[in-house]
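Survey of secondary and tertiary structure
Given next are the chains, with one letter for each unit.
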Amino acid sequence: MKSGTVAVIGRANAGKSTLVNVLVGEKIAIVSPKPQTTRDRIMGVCNRENAQIVFIDTPGLYRQFNALTDAMMKTTEDTAKEVDMIAYVLDAHAGMTEEDISLVLKYQRMGLPMLVVLTKTDIMPAKEIPAAVKALSNAGVDADIYPVSARKGKNLKKLEEGICALLPEGEPLYPDDIVSDRSEKFMVAELMREKILLKYEKEIPHGVAVIVHTFEKKGGMYEIGLDIICEKKSHKAILIGKGCAALKEASSFARQSMEKFLGAKVYLTTYVKVVENWRDRQNLLKSFGY
């Protein structure tokens, strides 16, 4: 039997979380088109007949400009040193830059088994895929390359087979009923943050943290209270909206996702609080779970 850990690494918005969610078969990581959607490592376990693949979804490689992004990049670097292999994810639709190729080569030099995944191939001309593969090969990338579409399920079986071929022999690392290492409370906060990422524009989502202060199951219903932390009073006004309309809409969408995830009704209460410059305050990052 094959069993091992796979770090899923790549630049922001490359499609890492969508890929992991589809391969695991359950939503273990939130998804949005904005950078910094994934802020921490999240484990997802994929069980197959003769293999257990433990995916570690990591924060997207991103320019560091505050203590939060420093912590995110350290998480990715530390994860890459602790796994059995690396799946480097590239957004094939966006096209590859010299920096993309440099990053692939950087992780290749670590000496771990590695393969490259080209994502979003369903929204790009098929004739461009061979050119992308050739560019990687010409640059010195010595790894199997798998063009896939997570949303369409294209080529995922071959990708799984390629991953299994690089994993060590061994017993399962986790019981087959374990899907993720993250708690329900963690996912509830992430689902709220996901809706904020999807609803609000520009810098607002990047300066937001979501803290769970109440999480109780009473009968067949969950009572959940969240604090939405932002950095400026002006951001608070935007998050709340006129007559609290914006916050009510985002909270309603989040509550629906929470109910689907928890399999029960949710009574959700949300508060918006201002904590200036929290992304550069190490003590707050730790207390917020980063």
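Residues numbered from 1 in each chain as written. Predicted model: local features only at pLDDT ≥ 70, side-chain atom pairs only at ≥ 80, totals over all residues. Heavy atoms only, no water.

Below, the discussion takes up the pairing of strand β2 (residues 42–48). In terms of burial, β2 is a largely internal element, five of the seven residues being buried. Note that β2 and strand β3 (residues 51–57) share seven bridges and pair antiparallel. When the bridges of β3 are listed, I42 appears paired with D57. In this structure, the hairpin formed by β2 and β3 is closed by a connection of two residues. (Buried < 20%, exposed > 50% of the residue type's maximum accessible area, 1.4 Å probe, protein only. Helix = DSSP H or I, 4+ residues; strand = E, 2+ residues; numbered from the N terminus. Pairing = 2+ DSSP bridges.)

Turning to the pattern of salt bridges, a few remarks are in order. Side chains that differ in sign of charge can pair as their charged atoms come close. Taken as a whole, this structure holds 17 salt bridges when the rule is applied. Close ionic contact of K74 with D78 constitutes a salt bridge, the shortest N to O distance being 2.7 Å. In this pair, K74 and D78 are both assigned in helix α2 (residues 67–80), four residues apart and thus about one turn of the helix distant. Residue K74 is classed as exposed on the basis of its relative accessible area of 51%. Residues K120 and D91 are paired through a salt bridge, measuring 3.1 Å at the closest nitrogen-oxygen approach. Placement of K120 in the loop between β5 (114–119) and α4 (129–138) and of D91 in strand β4 (residues 85–91) is noted, with a sequence separation of 29 residues between them. Under the relative-accessibility criterion, D91 is labelled buried at 16%. Salt bridges here are not isolated pairs; linked through shared partners, they connect R11, E99 and D100. (Salt bridge = Lys/Arg side-chain N within 4 Å of Asp/Glu carboxyl O.)

Bringing the sheet that holds strand β1 (residues 2–10) into the picture now. Ordered in space as β2-β3-β1-β4-β5-β6, the six strands form an open sheet in which the pairing is mixed. Taken across any chain shown, the strands that pair with only one partner, and hence form the sheet edges, are β2 and β6 (145–147). Pairwise comparison of adjacent strand axes, ignoring direction, gives a mean angle of 25 degrees for this sheet. Pairing between β1 and β3: seven bridges, direction parallel. Residue K2 lies in a different strand from β3, and its bridge partner there is A51. (Axes fitted to C-alpha atoms, helices over the stretch in contact; angles between N-to-C directions.)

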